[in-house]
Amino acid sequence: MTNPNTPHASWLELENKVCVVTGAAGGIGAEIARQFAAVGARVAVLDRDQAGASRVCADIAATGARAIAVDCDITDKASVDRAAAAVERELGRCDVLVNNAAAIYAAALMDIEMDRWRQLMAVNLDGFLLCSQAFGRQMIAAGGGSMVHVASISGHVPQPYSGPYSVSKAGVKMLSRLLAVELGEHGIRSNVVSPAMVRTPMSEVIYADPAVLRKREQILPARRIGAPPDIAEVVVYLSSARAGYVTGQDVLVDGGLSTAWLTLVPRPGFEKSDADKA
Ligand SMILES: NC(=O)c1ccc[n+]([C@@H]2O[C@H](COP(=O)([O-])OP(=O)(O)OC[C@H]3O[C@@H](n4cnc5c(N)ncnc54)[C@H](O)[C@@H]3O)[C@@H](O)[C@H]2O)c1
């Protein structure tokens, strides 16, 4: 059932499509799940946080749409395979997969212990592959589908002191391009959405300090930190028939951050004081 407040719903042709979103118990993933539901899709909310996933499903059910919470640890192949079987049984074959679940931690490269490196890569890279395989098989059987992988601006430029986060996100970008090439013959598209600064549970600790928030807003051409809908809308579009000839691409949704590097270089006569910027 489409939401009458979403006039673009039929334009996207996602009605009754089975859309699977990993890491959808909160943050960007939960918003992606809500937006799929608002355009009439049947949504599978995958997360290892079952309480959070159930809350998101209850919100969606209250709008009259269909959503199921599926317990899934994307680092564990057996768990991913069980989740894929549950989705097929309860909703049907997957039409759209959004690989979104990820983790981050603070560490300098010189201090990282290999166990922690592997744990993060297991979520941010291996987990993306396992889900692409399990749900990609359903798409192959159905004769087509769409994958969107949430990477990061950190996959384009190094994000220091964040362990292997940048390495994992750069890997996601290439994984997506490989999937686009290898699965194209099955009618499957694969694209990336790369956010920059978005307020979610993952990043909230950074924005708790108003001075940090203001400084970050000032360096963005958009002059504001992103919110989950900014990312979700692009993910939904790329998943849809309206992006049917787009594959192997990476869309930066970054408020212009990636274009603003030269504003950081001092230029006599064009310096702004902190008072000007406030
Ligand atoms: N928030 C930002 O500023 C930002 C910036 C760039 C990219 N991103 C990317 O956007 C995506 C969503 O980020 P967010 O900020 O909403 O994060 P978040 O921490 O708010 O949500 C991540 C979700 O993933 C789930 N998850 C983590 N490990 C899992 C696992 N092994 N199995 C299943 N679920 C697991 C968590 O339970 C959580 O619900 C991530 O891929 C992240 O790297 C976020």
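Everything below is about the structure shown above.
For clarity, every value in this text was computed on a predicted model and none was experimentally measured. (Residues numbered from 1 in each chain as written. Predicted model: local features only at pLDDT ≥ 70, side-chain atom pairs only at ≥ 80, totals over all residues. Heavy atoms only, no water.)

Draft legend 1. Layout of the overall build of the protein chain. Secondary structure summary: the protein chain contains ten helices and seven strands in total. Principal axes of the C-alpha set define a box for the protein chain whose edges measure 60 × 50 × 40 Å. By residue count, 47% of the 278 residues in the protein chain fall in the buried class. Contacts spanning at least 24 positions in sequence make up 72% of the contacts within the protein chain whose residues lie at least 6 apart. Of the roughly 13,800 Å² that the protein chain leaves accessible, carbon and sulfur atoms contribute 55%. Here the protein chain contributes 27 positively and 29 negatively charged side chains, and the mean placements of these two sets differ by 3 Å. (Helix = DSSP H or I, 4+ residues; strand = E, 2+ residues; numbered from the N terminus. Buried < 20%, exposed > 50% of the residue type's maximum accessible area, 1.4 Å probe, protein only. Contact = heavy atoms within 4.5 Å. Areas by Shrake-Rupley, 256 points an atom, 1.4 Å probe, with all protein chains shown as cover. Lys, Arg positive; Asp, Glu negative; His and termini not counted. Charge placed at Lys NZ, Arg CZ, Asp CG, Glu CD.)

Draft legend 2. Region of the structure containing the site of the ligand. Every one of the 28 residues lining the ligand counts as a neighbour, but Asp47, Asn100, Tyr165, Ala196 and Thr200 are closest to it. In this structure, Thr200 approaches the ligand through a side-chain N or O atom, which is 2.4 Å from an oxygen atom. Between an oxygen atom of the ligand and a main-chain N or O atom of Met202, the distance comes to 3.4 Å. Burial of the ligand by the surrounding chains reaches 91%, relative to a free accessible area of 840 Å². One can see that the ligand is located within the largest pocket. (Near = heavy atom within 4 Å. Polar contact = N/O pair within 3.5 Å; in protein donor to acceptor, adjacent residues only side chain to side chain. 1 Å grid on protein atoms, 1.4 Å probe; cavity = no way out; pocket = protein on both sides within 12 Å on 5 of 7 lines; lining within 4 Å. Sits in = over half its atoms within 2 Å of the grid points.)

Draft legend 3. Quick peek at the side chain of Gln138. Summarising the element assignment, Gln138 is placed in helix α5 (residues 114-142). At 2.9 Å, the side chain of Gln138 and the backbone oxygen of Ala84 are in polar contact. Contact partners of Gln138, with chain neighbours within four places excluded, come to Ala84, Ala85, Glu88, Gly92, Arg93 and Cys94.

Draft legend 4. Local environment of the packing of aromatic side chains. Evaluated as defined, the whole model comprises zero aromatic pairs. The positively charged end of Arg242 is found above the aromatic ring belonging to Trp11, 5.9 Å away from the centroid. (Phe/Tyr/Trp six-rings, centres within 6.5 Å; stacked < 30°, edge-to-face > 60°. Lys NZ or Arg CZ within 6 Å of the ring centre and 35° of its normal.)

Draft legend 5. Quick peek at the pattern of salt bridges. Here the structure, examined in full by the defined rule, presents nine salt bridges. Between Arg93 and Glu88 there is a salt bridge whose closest N-O contact spans 3.7 Å. (Salt bridge = Lys/Arg side-chain N within 4 Å of Asp/Glu carboxyl O.)

Draft legend 6. Structural detail: a nonpolar patch on the surface. On the surface, Ile219, Trp261 and Leu264 cluster together into a nonpolar patch covering about 290 Å² of accessible area. Structurally, the position occupied by Leu264 is in the loop between β7 (250-253) and α10 (274-277). What makes Leu264 exposed here is its relative accessible area of 53%. (Patch = residues over 30% accessible without salt bridge, like charges linked within 9 Å, V, L, I, M, F, W, Y side chains within 5 Å.)

Draft legend 7. Spatial organisation of the sheet that holds β7. What the seven strands build is an open sheet, ordered β3-β2-β1-β4-β5-β6-β7; its pairing is parallel. The open sheet is flanked by β3 (67-71) and β7, the only strands paired with a single partner. With direction set aside, neighbouring strand axes in the sheet form an average angle of 20 degrees. Here strand β1 (residues 18-22) pairs with strand β2 (residues 42-47) via five bridges, running parallel. If you follow Val18 over to β2, its bridge partner there is Arg42. Its contacts with the sheet place helix α4 (residues 77-90) against β1, β2 and β3, and it is angled at close to 160 degrees to β3. Packed onto the sheet, helix α9 (residues 228-239) meets β4 (96-99), β5 (145-150), β6 (188-195) and β7 and runs at close to 165 degrees relative to β6. (Pairing = 2+ DSSP bridges. Axes fitted to C-alpha atoms, helices over the stretch in contact; angles between N-to-C directions.)

Draft legend 8. The nonpolar core, seen in detail. Among the nonpolar cores identified, the biggest contains 36 residues, and Ile32, Ala33, Phe36, Val43, Val45 and Val98 are the most heavily contacted of them. Breaking this core down by element, the ones donating at least two residues are α1 (9-12), β1, α2 (27-38), β2, α3 (50-62), β4, β5 and α9. Among the elements that take part in this core, α2 stands out by supplying six residues, more than any other. Setting aside its immediate chain neighbours within four residues, Phe36 contacts Leu14, Cys19, Val21, Ala41, Val43, Val96, Val98, Val236 and Ser239. Grouped together as the second largest cluster of nonpolar side chains are 32 residues, Ala101, Met147, Val172 and Val192 included. (Core = buried A, V, L, I, M, F, W, Y, C linked by side-chain atoms within 4.5 Å.)

Draft legend 9. Quick look at the pairing of β4. On β4, burial covers both faces: Val96 and Val98 on one face and Leu97 and Asn99 on the other are all buried. As paired elements, β1 and β4 share three bridges and run parallel to each other. Each residue of the ladder has a partner; that of Val21, found in β4, is Val98. In this structure, β4 lies alongside β5, joined through four bridges in parallel fashion. Each bridged residue has a counterpart across the sheet, and for Val98 the counterpart in β5 is Val148. In this region the chain leaves β4, passes through α5 and returns to the parallel neighbour β5; the handedness of that crossover is right-handed. (Right-handed = clockwise from strand over helix to strand, strands pointing away.)

Taken by themselves, the reported measurements are silent on function.
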